[in-house]
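Residue-level listing of the chains:
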Amino acid sequence: MERTLSIVKPDGVRKGLVGEVIRRFENAGLRVAALKRVALRKREAEAFYAVHAEKGFFQSLTDFMSSGPVVAMVLEGENAIKRTREIMGATNPKDAVPGTIRADFAEEVEQNIVHGSDSPDNAAVEIAFFFSQREIQ
Ligand code: IDP
Ligand code: MG
C-alpha cells in the first residue's frame, strides 16, 4: 500500500475534467483517500513547485497554478506513485502515450491537466502540503 498526491490543475478544472480524472484513477483500482478543491495563492504555488525555482518556466508555471482552483487528492493503492504517473502520461502531452490523461486532454507541456508525485519522499511532503492527518481516511 502506497499513497501519492495528485492534482487536477486549473486547466483541468476549467475544462470540466475533475470527474474524468478521478474516474480514470478509480478504474485503475486506486482509492481516493482524501479530496479537496482549493485556490492556491501565487506564494503557495511557488512553495509547492520550489524544486523548479531555477527553471525558466517557474514564473509562468506558478502563475498558471494560481490562476484558478485546483482539486487535490490523495490516492492510495499498490504502487500508487508509479501507477498514477502512468495514467497521467508523460509531462509533455506530445510524448504521452494515447489513452493517458495528458495525451487525451492536454495541448501543451505547461498546462497538462494533472500532477502526480514522483517519489515516496515527495509524496509525503506534497500530501502534507494539502491535507492534515484527520482529512486522510
Ligand atoms: P511532471 O509534472 O510530469 O512531474 P515536472 O518536470 O516535475 O513534470 O514539471 C512540473 C510541471 O512543470 C509540469 O507538469 C508542467 O506543468 C511544468 N513544466 C515542465 N516542463 C516544462 C517546460 O519545459 N515548459 C513549461 N512548463 C513545464
Ligand atoms: Mg514532477
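Scroll up to find the structure.
This text gives an overview of the structure that appears in the document. This structure is a prediction, so every number in the text was calculated from the model and none was measured.

What follows deals with the pattern of salt bridges. Counted by the stated rule, this structure contains twelve salt bridges. Measuring nitrogen to oxygen at the nearest pair gives 2.7 Å for the salt bridge that ties R3 to E76. Taken as a pair, R3 in strand 1 (residues 2–8) and E76 in strand 3 (residues 70–77) lie far apart in primary sequence, 73 residues in all. Since its relative accessible area comes to 29%, R3 is described here as partly exposed. Across the pair E135 and K36 runs a salt bridge, and its minimum N-O distance is 3.2 Å. You can see E135 sitting in the segment after helix 7 (120–130) and its partner K36 sitting in strand 2 (residues 31–38), a full 99 residues away along the chain.

In this section: the site of ligand 1. In the neighbourhood of ligand 1, the contacting residues comprise K9, Y49, H52, F57, L61, R85, T91, R102, V109, E110 and N112. Here H52 contributes a side-chain N or O atom positioned 3.0 Å from an oxygen atom of ligand 1. At 3.0 Å, a side-chain N or O of R85 approaches an oxygen atom of ligand 1. Within the complex, 77% of the 530 Å² of free accessible area of ligand 1 lies under protein. When its residues are assigned to classes, the shell around ligand 1 shows four nonpolar, three polar and four charged.

Definitions and cut-offs
- Residues numbered from 1 in each chain as written.
- Chains lettered and ligands numbered in written order.
- Predicted model: local features only at pLDDT ≥ 70, side-chain atom pairs only at ≥ 80, totals over all residues.
- Heavy atoms only, no water.
- Salt bridge = Lys/Arg side-chain N within 4 Å of Asp/Glu carboxyl O.
- Helix = DSSP H or I, 4+ residues; strand = E, 2+ residues; numbered from the N terminus.
- Buried < 20%, exposed > 50% of the residue type's maximum accessible area, 1.4 Å probe, protein only.
- Near = heavy atom within 4 Å.
- Polar contact = N/O pair within 3.5 Å; in protein donor to acceptor, adjacent residues only side chain to side chain.
- Areas by Shrake-Rupley, 256 points an atom, 1.4 Å probe, with all protein chains shown as cover.
- Nonpolar A, V, L, I, M, F, W, Y, C, P; charged D, E, K, R; others polar.

Keep in mind these numbers describe shape, not what the thing actually does.
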